[in-house]
Amino acid sequence: MIGKTDKSSATLKDFLLEKGYIKVKLKLTKTNHFEIKATINGIKGLFILDTGASNSCVGFEGVETFKLTAKDSEVKAAGAGATDMQTQISKKNKLKIGKWKKDKVALILFNLSHVNTALLSYNSEPVDGIIGADILTKAKAVIDYDKNYVYLKL
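> Help me understand the environment of E125 in this model?
Among the structural elements, E125 can be located in the loop between α3 (113-121) and β11 (129-131). Between the C-alpha atoms of E125 and E35, which are 90 residues apart in sequence, the distance is 9.4 Å. Not counting chain neighbours up to four residues away, the residues in contact with E125 comprise K27, E35, L46 and L119.

> Is there a simple way to explain the nonpolar core in this structure?
Note that soluble globular proteins tend to have their nonpolar side chains buried in a common cluster. With 25 residues, the main nonpolar core has I36, L95, I97 and I131 as its most contacted residues. Where this core is concerned, the elements lending two or more residues are β1 (21-25), β3 (34-40), β4 (43-49), β9 (87-97), β10 (100-110), α4 (133-138) and β13 (149-153). Residues in contact with L95, not counting those within four places in the same chain, are A38, T39, I40, W100, K101, K102, V105, I131 and I135. If you look at the next biggest cluster of nonpolar residues, it comprises twelve residues, including A53, C57, F110 and V115.

> Looking at this structure, I do not really get the sheet that holds strand β12 (residues 142-144). What am I missing?
Consider a sheet: its strands pair through backbone hydrogen bonds, and that pairing is either parallel or antiparallel. Reading across from one edge, β1-β13-β12 is the order of the three strands in this open sheet, with antiparallel pairing throughout. Strands with a single pairing partner mark the edges of an open sheet, and in this sheet they are β1 and β12. Within this sheet the neighbouring strands show an average axis-to-axis angle of 25 degrees, counted without direction.

Conventions adopted
Residues numbered from 1 in each chain as written. Predicted model: local features only at pLDDT ≥ 70, side-chain atom pairs only at ≥ 80, totals over all residues. Heavy atoms only, no water. Helix = DSSP H or I, 4+ residues; strand = E, 2+ residues; numbered from the N terminus. Contact = heavy atoms within 4.5 Å. Core = buried A, V, L, I, M, F, W, Y, C linked by side-chain atoms within 4.5 Å. Buried < 20%, exposed > 50% of the residue type's maximum accessible area, 1.4 Å probe, protein only. Pairing = 2+ DSSP bridges. Axes fitted to C-alpha atoms, helices over the stretch in contact; angles between N-to-C directions.

Right, here's the structure in full:
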């Protein structure tokens, strides 16, 4: 039929925005990681978006910066070539990514120096932490790898 719009031509962006998602720009680094800006407890930071990280994390040096209340944790962290690392946990934090917000977010605190050393060796900016699968799942995240956006459900 002439003049009828083809629904299949709708873009991923259009589809997700109609479903109540917001889009947030991602920056692809030289190390092939996506960087994302987020706010924790009202303080802006730079994070790696990591679908393989089970928990969202902040480096120990971010405790004061992001006004985190840290408690010792029995959990040992592993990843990015490091294993058996001491961790702490900070609960009841406010996280904001774009217009998406979540209260009572738990964050794992650990030594991020191995991550930032690797980033710096590739002339990439150091990061404050990692946004992991825990947050991505809560936000029903959809990553558009072609356009470098993550979509989060409001």
